[in-house]
Amino acid sequence: VYNHCFIQPISKGEIIEIVGYKDTPCFMLEKVNGGEYTLNRDYFVCIVVTEDGGTMENSGIITSLKRGDKYFISAFCEDLILKDAQVLICCPPEL
């Protein structure tokens, strides 16, 4: 059962929970390996790219991802898609 409220899968990849809300209500940290995902636009997230490759697409603009890149994705950012990315996603405190 898929229970990651911030990442919505489009095509299959791997999501690993590193720090969950059961560990702390302050944040959640997940590792995304490949696949294609959208992000829940109701919340902000921070993304750190862990390996070269993959893309981030928003409103038709495609950005190639490089290891060490960091992104703050604000709430209400529409149409953001991660494709074949190797990233860490830090989600806000549990509501």
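Structure: above.
Keep in mind that this is a model prediction, so the values were computed, not measured. (Residues numbered from 1 in each chain as written. Predicted model: local features only at pLDDT ≥ 70, side-chain atom pairs only at ≥ 80, totals over all residues. Heavy atoms only, no water.)

J.: Could you clarify how one ought to interpret the nonpolar core in this entry?
T.: Most often, soluble globular proteins have nonpolar side chains that are buried together. Of all hydrophobic cores here, the largest spans 20 residues; its most connected members are I7, L39, V45, I47, L82, V87 and I89. Elements with a minimum of two residues in this core: β3 (28-33), β4 (36-39), β5 (45-49) and β10 (86-91). (Core = buried A, V, L, I, M, F, W, Y, C linked by side-chain atoms within 4.5 Å. Buried < 20%, exposed > 50% of the residue type's maximum accessible area, 1.4 Å probe, protein only. Helix = DSSP H or I, 4+ residues; strand = E, 2+ residues; numbered from the N terminus.)

J.: How do you make sense of the environment of S11 when you look at a structure like this?
T.: Mapped onto the secondary structure, S11 falls in strand β1 (residues 7-11). S11 sits in the partly exposed class, given a relative accessible area of 32%. Taking the C-alpha atoms as reference points, S11 and G34, separated by 23 residues in sequence, lie 9.1 Å from one another. Not counting residues within four places of it along the chain, the set of residues in contact with S11 comprises G35, E36 and Y37. Within polar-contact distance, the side chain of S11 engages the backbone nitrogen of E36 at 3.2 Å. (Contact = heavy atoms within 4.5 Å. Polar contact = N/O pair within 3.5 Å; in protein donor to acceptor, adjacent residues only side chain to side chain.)

J.: It is not clear to me how the sheet that holds β4 should be interpreted in this structure. Could you clarify?
T.: Strands belonging to one sheet form pairs held by backbone hydrogen bonds; the direction of such a pair is parallel or antiparallel. Read across the sheet, 5 strands follow the order β1-β4-β9-β6-β7 without closing on themselves; strand pairing throughout is antiparallel. Of all the strands in the sheet, just β1 and β7 (61-64) have a single pairing partner and so form its edges. This sheet shows a mean twist of 25 degrees between the axes of neighbouring strands, independent of strand direction. Sheet topology note: the β1/β4 ladder contains 4 bridges and is antiparallel. Looking across to β4, one finds that P9 is bridged to Y37. (Pairing = 2+ DSSP bridges. Axes fitted to C-alpha atoms, helices over the stretch in contact; angles between N-to-C directions.)

J.: What exactly am I supposed to notice about the pairing of β3 here?
T.: A regular strand places its side chains on the two faces of the sheet in alternate fashion. Among the 6 residues that make up β3, 6 are buried, leaving the element largely enclosed by the rest of the structure. Side chains M28, E30 and V32 of β3 all project onto a buried face; the interleaved residues L29, K31 and N33 project onto the opposite face, where all are buried too. Of the pairings in the sheet, the one linking strand β2 (residues 14-19) to β3 comprises 5 bridges and is antiparallel in character. Bridge pairing in β3 links E14 to N33. The pairing of β3 with β10 spans 6 bridges and is antiparallel. Bridge pairing in β10 places K31 opposite L88.

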